[in-house]
Each structure stands twice: as structure tokens, then as C-alpha cells.
Amino acid sequence: MKSILDIEHISKLFLISHQGLPYLSLRERLTGLFRGREKQEPFWALQDVSFSVAPGESLGIIGKNGAGKSTLLKILSRITPPTSGRIVSRGRIASLLEVGTGFHQELTGRENIFMNGSILGMRRSEITASFDQIVDFSGVENFLDTPIKHYSSGMQLRLAFAVAAHLEPEILIVDEVLAVGDAEFQKKCLKKMEDVAGQGRTILFVSHNMDAVTALCKKGVFLKQGQVEGYGDIHEIVRSYHDETHHNSMTLEKGSVRSVEIQQQGETLVLTVCYQHDAVIDYPNLGFSIRDMFGHPLAGTNPMKSQVNMRPYKPSREGRIEVTISSPKFMEGTYQLYVWFGDSRRNFFETKDPILFQITKMSPEQGRNAKFDGYIIPECQWNFF
Ligand SMILES: Nc1ncnc2c1ncn2[C@@H]1O[C@H](COP(=O)(O)OP(=O)(O)OP(=O)(O)O)[C@@H](O)[C@H]1O
């Protein structure tokens, strides 16, 4: 079968500016005199990326932060041109990259639906035919004649998704937009994308949520530092992505933080961080953030925020911090951990990529067959009168 989309040797070069001098006078800034001293460094965000997508296929694109996923989707959506290589597309592409892209802020929701549709190459009659469904899905019917600029980002997202998914493009490109909506809307979007895929249309889906990617896509591309690291069956691709990600712990050879580890011990989580700094630290400050797989923060703090008494700590260059987290209790699932380390004034270290960890039954409240909502297990006292 002929492919619907061919990505042929796509590369993208960015020139990143570094200013040679830390301080520029106002005159230099105003006159642009500093330009000569600005260093431009080439940076390849994508290098020789090639793959093909068959009609009706849903393809997941995964990779760590900065791997080049969004750049690739922008090139596919013709927002940015590639430095070299070409895209051959045999179908209409609708893309949903960032909330509100393609929307005109001064126009009303109604006007934007028509404008967006015509940008996608739809006839007015086609748009009119889908109009009610779009409005119904988006849930913004009361604001149809209000300019988009007055919409919240969630409302803009609802409308953008509804337009992109209902106007029947042959190829639908979706970039992590699910992260913005609430859980109910995320489910609705995933269901809609399944329907779209079921109708034989093609979907390219970028997400950090491996559960969503695996549910929706049969095939996947794993991007690593701008290159294709893997292509094939989605389960294989997700496995190789996970192999590259830190699980439960991380060790480092250099820098202030030497190891980070998180373990579930019954109903608590224990976070242990070992550090070694080149100067004495009077107040070791460790911040942590536990997030869901979309990257939404769920819980986090640091000893300064919590006004922790640091005794019996004596200022030292190295040490170990152990945090026992007895609340909140989380639902079963995979979570992300981010860590910062510093003193009372500065940060010396922060995790770039999350450490993934698994939580299994954390509370007797979480019965075997019970279905709960969200991530946190509520502790309730029930009274019936
Ligand atoms: N306009 C730009 N100028 C310079 N560098 C850029 C530009 N756009 C992207 N980059 C760089 O290209 C690399 C790839 O970025 P991209 O946004 O495509 O990654 P990503 O895989 O989508 O990451 P994330 O998961 O964080 O969204 C990054 O290192 C980024 O800093």
C-alpha cells in the first residue's frame, strides 16, 4: 500500500545565540554595537529523520524533552521549513500543536470554526455539516459569539480539538494537547482520536504519557537527540524509551548531587539524596515534585517551605537527606519525580529528565476492584443520616 506521508531525510538547524559579554551598556544595546560579539552556535534539532506512515495508521512519536518531537510536527504542519530533506503528503493535514495555534484571537468561536476549516481546505458546506457536532464536542456553545481572546486556555483547547478532529482531515497531528485539559476531557479526546483512527484516517500523536500512546497507536517512532533511535511496534518502542529513562533511582559521577532514589515502603515513600559539594553547605535545601505522566505537579515541597528544623545537622560539604513522605497516598500507577538541590540562596542541581517510579497498592482504601478518580486516595469519614 502506498504511504500517505513520507518524511525523507529531514534535518533542522537552529543557530543559537550566545552573547560573549555578560554585561552590555544601554548604548551598546540600543545601537546594536554588541552584535559583532554575539556568538552563533549551530544546533541540529533534527538530523536525517526518515520514516513513512501508511494510510489509517496511528503513529506515536515519543522521546525525552528536547528530542525534537515538536520541531518535527511543526515541519510536518508547514509552520517551519526543514533545513534539508522533504515531506511528501498525500492527504489534508490538520494539526493541533499548541493551544490556540491557528485561531484568530479577535474573531469569535463561530468565525474561528469557519476560518480554521477553510485553512484546512474544507468547503463551507462541509464545515456547516459538521458545525453542530463541533460545538457539541467543545462544550462552548454559550460563548460561540464571544471573541476567542476571552476564552480560557481550556476552552480554546476544547474548541481547537473539536475543529481539528471533526473536519475530517486525512492526517491529524496532535501534540500533547491532552496535557492541558482536565481528566474527563482527556478521555473524551482519546476516545475521539480512537474513532478518527477507526474511520481509517491517519494520526500522528506526540505525548509523554506512555499509557495514552500505547492505547492509541500501533506503531511508534522514538526520537533521541534529533535522530530516529527506533521505529516499529509501539510496545517495543515504549520499552526502549523506558530502558533509557531512570527508574526509581539515578546516580551521577560529578556535580553536587551523587544519587537520588525513591522507594515505596508500604504506605510511605522514601526519597534519599546523597550530595557532595565543593563548599560547606549551611542549609541543604532539597525540593521535590511528584508529577503524573503528563507532567502535572501533584505534590511537592522543600524544607524551607515546610519550615523544617534541621537539627542535628552540622554544616558540611557532603551528606545524605532522607525524606519520608507519609502523605499524600497515591493511586496505583507510574509517576515522575523531579528534584532540586541547593542551599538557602541558590540551586546547585536540578533533574533534567524525570525519574519514573511505580506505586502499588498504597492504602487499604484502594480495594482490588474499586475504581477511583484521580491520583490521590482520599481519606474520608462517612456519616449517613
Ligand atoms: N526556534 C528555536 N531556536 C533554537 N533552538 C530551538 C528552537 N526551537 C527548538 N529548539 C531546540 O531544538 C531542540 C528540540 O526541541 P523540540 O521542542 O522539538 O523538542 P521536544 O522533543 O518537542 O521537547 P518537549 O518534549 O520538551 O516538548 C531543543 O533543544 C530546543 O531547545
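Coordinates for the structure precede this section.
In short, a report on the structure. The shown structure was predicted, so the numbers you read here are calculated from the model rather than taken from an experiment.

Details of the packing of aromatic side chains
Then, in step 1: As enumerated under the stated definition, the model contains ten aromatic pairs in all.
Then, in step 2: Aromatic pair Phe137 and Phe161: ring centres 5.8 Å apart, planes at 25°, arrangement stacked. Residue Phe137 is found in helix H4 (residues 124–138), and its partner Phe161 is found in helix H5 (residues 153–166); the two are separated by 24 residues along the sequence. No difference in accessibility class separates Phe137 from Phe161, as the two residues are buried.
Then, in step 3: Both rings, one in Tyr335 and one in Tyr375, keep their centres 6.1 Å apart while their planes meet at 70°; by these two values the pair is edge-to-face. Highlighted residues: Tyr335 in strand E17 (residues 333–342) and Tyr375 in the segment after strand E19 (355–359), separated in sequence by 40 residues.
Then, in step 4: On the basis of relative accessible area, Tyr335 is assigned to the buried category, the value being 1%.
Then, in step 5: Among the aromatic residues, those joined into a ring-pair cluster are Phe330, Tyr335, Phe357 and Tyr375.
Then, in step 6: The ring of Phe114 carries the charged tip of Arg124 above its face, separated from the ring centre by 4.2 Å.
Then, in step 7: Above the face of the Tyr338 ring, Arg291 is positioned so that its terminal group lies 4.4 Å from the ring centre.

Section: the site of the ligand
Then, in step 1: As a matter of local geometry, the ligand sits amid Phe14, Phe43, Ala45, Lys64, Asn65, Gly66, Ala67, Gly68, Lys69, Ser70, Thr71 and His208.
Then, in step 2: Gly68 is positioned with one of its backbone polar atoms (N or O) 2.9 Å from an oxygen atom of the ligand.
Then, in step 3: Breaking the shell around the ligand down by element, the ones donating at least two residues are strand E2 (38–53) and helix H2 (69–76).
Then, in step 4: The leading source of residues in the shell around the ligand is H2, at three residues.
Then, in step 5: Residue composition of the shell around the ligand, by class: four nonpolar, six polar and two charged.

What about the sheet that holds strand E9 (residues 227–233)?
Then, in step 1: Strands sit in the order E5-E6-E7-E3-E8-E9 across an open sheet of six strands; the sheet is mixed. Each end of this open sheet is capped by a strand with a single partner; those strands are strand E5 (93–96) and E9. Within this sheet the neighbouring strands show an average axis-to-axis angle of 15°, counted without direction.
Then, in step 2: Pairing of strand E6 (residues 171–175) with strand E7 (residues 202–206) involves five bridges; the strand directions are parallel. Considered in E7, the bridge of Val174 is made with Phe205.

What counts and how
Residues numbered from 1 in each chain as written. Predicted model: local features only at pLDDT ≥ 70, side-chain atom pairs only at ≥ 80, totals over all residues. Heavy atoms only, no water. Phe/Tyr/Trp six-rings, centres within 6.5 Å; stacked < 30°, edge-to-face > 60°. Helix = DSSP H or I, 4+ residues; strand = E, 2+ residues; numbered from the N terminus. Buried < 20%, exposed > 50% of the residue type's maximum accessible area, 1.4 Å probe, protein only. Lys NZ or Arg CZ within 6 Å of the ring centre and 35° of its normal. Near = heavy atom within 4 Å. Polar contact = N/O pair within 3.5 Å; in protein donor to acceptor, adjacent residues only side chain to side chain. Nonpolar A, V, L, I, M, F, W, Y, C, P; charged D, E, K, R; others polar. Pairing = 2+ DSSP bridges. Axes fitted to C-alpha atoms, helices over the stretch in contact; angles between N-to-C directions.

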